[in-house]
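Here's the letter readout for the chains.
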Amino acid sequence: MKAVIQNEFGDSNVLKYTDVVKPVLGEGEVLIRTAFTSVNFADIKNRTGKKDKGNFPMVLGLDIAGTIEEVGENSSFSKGDRVIAFPKNGSYAEYVVAKEALVYKIPDALSFEIAATFPTVAILSYILIHEIGQVREKDTVVIHSAAGGVGSMLVQLAKLAKVKRIIGVVGNFEKEAYVKELGADVVTTYDTFVETVLNLTDGEGANVIFDSVAGDVTSQSMECLAFYGTLVQFGNSSGRVGHFKTSDVHSSCRNVKGFSLGTTRKHHPERLKPVAEKVCKLFEEDLLNLPLAHIFDLYDAAKAHDLMESRQYQGKILLKV
């Protein structure tokens, strides 16, 4: 089968489209023919060696939409089932193997193209909004990287939750119209977001802040987080560690909560199935959508990475397999 592999860390040129051996099923697993896979920022970090140690040759990719090709004994799936999944060993490939606990059926009315946009970003965002951030209708929420994949989902889910005020933070105002169309009430940039949040809340600050950037953004977020507010930390796209003082937490009764979808896939996959079902329904009913920035062919994975790293896009980047 065809796949995109890398044998070393580096820039997008290390990604090679080539022939590899088709994966073999293990116990409790299914074989899936990939239709589309998405590109996530974690792929960039993995490619460059900033996330995990390399087990070369390595196949990148977190999620897929496709069709069940082969199942084991007593499987709850059948050949021909349309699914989304989190594969075992990367998703930039024509065929992938996934544990059944991380495979979810999708409605016939949902196209593979749409389904491929959301497994990672929408399932993660739903958990962040409802389980970790526990947003309420009276809240003011701040969403960093609001024009990205997860940010786009967080804005829409916050809107569906009827929160009082959604503040989206972006790198530049070229993304303002897009983020407002998603449902943000106010869009600001990293240069001024602290001042903007404090001005809009009469100095009280935001009730919930969703931070996937870390670095200086984390400490700045603490400056505009309300008493009894929650900072939800779920990434470090800046490549730098964020810092806060213990006195920023206990004396103001603030909370700092962390969440990782990767950790949850590994240790508590059972938490994800009910969320996947809810998210599928929201997309099927067109209550959620994630605009497509660009669809590349699998052999153009390097170009997809270049676009993501340029940050000159809005929505989701897919690879057609």
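Quick look at the structure, then. All values reported here derive from a predicted model rather than from experimental measurement.

## Notes on the pairing of strand E3 (residues 29-39)
Thinking step 1. Across the eleven residues of E3, ten count as buried, placing the element largely inside the fold.
Thinking step 2. The sheet contact formed by E3 and strand E6 (residues 95-99) spans five bridges and is antiparallel. Its bridge partner being in E6, Arg33 is matched across the sheet by Tyr95.
Thinking step 3. In terms of strand pairing, E3 meets strand E4 (residues 64-71) through seven bridges, oriented antiparallel. Of the residues in E4, the one forming a bridge with Val30 is Val71.
Thinking step 4. Strand direction decides the pairing type here: E3 and strand E15 (residues 316-320), joined by four bridges, are antiparallel. The residue bridging Val39 from the neighbouring strand is Ile317, located in E15.

## Looking at the packing of aromatic side chains
Thinking step 1. Throughout the structure, instances matching the rule amount to five aromatic pairs.
Thinking step 2. Between the aromatic rings of Tyr17 and Tyr299, the centroid separation amounts to 5.9 Å while the plane-to-plane angle is 70 degrees, which identifies the pairing as edge-to-face. Here Tyr17 is found in strand E2 (residues 16-19), whereas its partner Tyr299 is found in the loop between strand E14 (292-297) and helix H11 (301-310), with 282 residues between them in sequence.
Thinking step 3. It is Lys22 that lies over the ring of Tyr95; its NZ or CZ is 4.2 Å from the centre.

## Some words on the state of the cysteines
Thinking step 1. Enumeration over the complete set of coordinates arrives at zero disulfides.
Thinking step 2. A disulfide-free cysteine, Cys224 has its sulfur positioned 18 Å from the sulfur of Cys253, the nearest such atom.
Thinking step 3. For Cys224, a relative accessible area of 0% translates into the label buried.

## Focus: the side chain of Thr218
Thinking step 1. Of note, Thr218 is situated in helix H7 (residues 216-223).
Thinking step 2. Assessed through its relative accessible area of 4%, Thr218 is described here as buried.
Thinking step 3. Ignoring any residue separated from it by four or fewer positions in sequence, one finds Thr218 in contact with Asp211, Leu231, Gly242 and His243.

## Notes on the packing of helix H3 (residues 119-132) against helix H4 (residues 149-160)
Thinking step 1. Direction vectors running N to C along H3 and H4 enclose 45 degrees, while the axes themselves pass 9 Å from each other. Considered as vectors, H3 and H4 are oriented oblique to each other. Handedness of the H3/H4 crossing: right-handed. When H3 is examined against H4, the residues Val121, Ala122, Leu124, Ser125, Tyr126, Leu128 and Ile129 are found in contact with a partner set consisting of Gly149, Val150, Met153, Leu154, Leu157 and Ala158.
Thinking step 2. Grouping the amino acids of the contact of H3 with H4 by side-chain chemistry returns eleven nonpolar, two polar and no charged.

## Observations concerning the layout of surface pockets
Thinking step 1. Its volume calculated, the second largest pocket comes out at about 290 Å³.
Thinking step 2. In this structure, the second largest pocket is lined by 16 residues; those nearest its centre are Met1, Val21, Pro23, Val59 and Asn89.
Thinking step 3. Elements represented by at least two residues in the lining of the second largest pocket include exactly strand E1 (2-5) and E6.
Thinking step 4. Here the lining of the second largest pocket gets three residues from one element, more than from any other, and that element is E6.
Thinking step 5. Class assignment of the residues belonging to the lining of the second largest pocket gives a composition of 13 nonpolar, two polar and one charged.

## Comments concerning H3
Thinking step 1. With 14 residues, H3 should cover 20 Å at 1.5 Å per step; its first-to-last C-alpha distance of 18 Å lies within 8% of that length.
Thinking step 2. Counting buried residues in H3 gives twelve out of 14 residues, a clear majority hidden from the surface.
Thinking step 3. Those residues of H3 that fall on the buried side of the exposure criterion are Pro119, Thr120, Val121, Ala122, Ile123, Leu124, Ser125, Tyr126, Ile127, Leu128, Ile129 and Ile132.
Thinking step 4. Following H3 by one or two positions, Gln134 adopts a phi angle in the positive range, close to 45 degrees.

## Observations regarding H4
Thinking step 1. Its twelve residues give H4 an end-to-end C-alpha distance of 17 Å, which sits within 8% of 16 Å, the value for a rise of 1.5 Å per residue.
Thinking step 2. Taken across its twelve residues, H4 has ten buried, putting it largely inside the fold.
Thinking step 3. For H4, the full list of buried residues reads Gly149, Val150, Gly151, Ser152, Met153, Leu154, Val155, Gln156, Leu157 and Ala158.
Thinking step 4. Of the surrounding secondary structure, the elements contacted by the buried residues of H4 are H3, strand E8 (140-143), strand E9 (165-170), helix H5 (176-182), strand E11 (206-211) and helix H10 (272-284).
Thinking step 5. Directly beyond the C-terminal end of H4, a positive phi value near 60 degrees is found at Lys162.

Conventions adopted
Along every chain, residues carry numbers that run from 1 in the direction the sequence is written. Restriction of local features to residues with pLDDT of at least 70 applies here, the model being predicted, together with a cutoff of 80 or more for giving and counting side-chain atom pairs; totals for whole chains, interfaces and linings are based on all residues. Side-chain figures throughout are based on the complete set of non-hydrogen atoms in the structure, without hydrogens or water. Think of it in three bands: residues with accessible area under 20% of the maximum for their type are buried, residues over 50% are exposed, and the middle band is partly exposed, with areas taken using a 1.4 Å probe on protein chains only. Numbering goes from the N terminus for both helices and strands, where a helix is a DSSP run of H or I of at least four residues and a strand is a run of E of at least two. Paired strands, as defined in this entry, are two strands with at least two bridges between them according to DSSP. For Phe, Tyr and Trp, rings pair up if their centres lie within 6.5 Å, where Trp contributes its six-membered ring, and each pair is then called stacked (planes under 30 degrees apart), edge-to-face (over 60) or tilted (otherwise). Whether a charge sits over a ring depends on NZ of Lys or CZ of Arg being within 6 Å of the ring centre and within 35 degrees of the ring normal. Cysteine sulfur atoms are paired as a disulfide whenever they come within 2.5 Å of each other. Contact between two residues is taken to exist if any of their heavy atoms lie within 4.5 Å; hydrogens are not considered. Axes, fitted as lines to C-alpha atoms, cover a helix only where it is in contact. Angles between the N-to-C directions of the axes lie from 0 to 180 degrees. For classification purposes, angles smaller than 35 degrees are called roughly parallel, those larger than 145 roughly antiparallel, those between 65 and 115 roughly perpendicular, and all remaining angles oblique. Should the near helix be turned counterclockwise from the far one by less than a right angle, the crossing is left-handed, whereas a clockwise turn marks it as right-handed. Each residue gets one of three labels, nonpolar for Ala, Val, Leu, Ile, Met, Phe, Trp, Tyr, Cys and Pro, charged for Asp, Glu, Lys and Arg, and polar for the others, Gly among them. Of the grid points, spaced at 1 Å and generated over the protein atoms alone, those admitting a 1.4 Å probe that cannot get out make up cavities, while open sets with protein on both sides within 12 Å along at least five of seven lines make up pockets; any residue with an atom within 4 Å of a point is treated as lining. Grid points are joined across faces, edges and corners, and a volume is the space filled by probe spheres set on the points. Here a helix's expected span is defined as the number of its residues, less one, multiplied by 1.5 Å.

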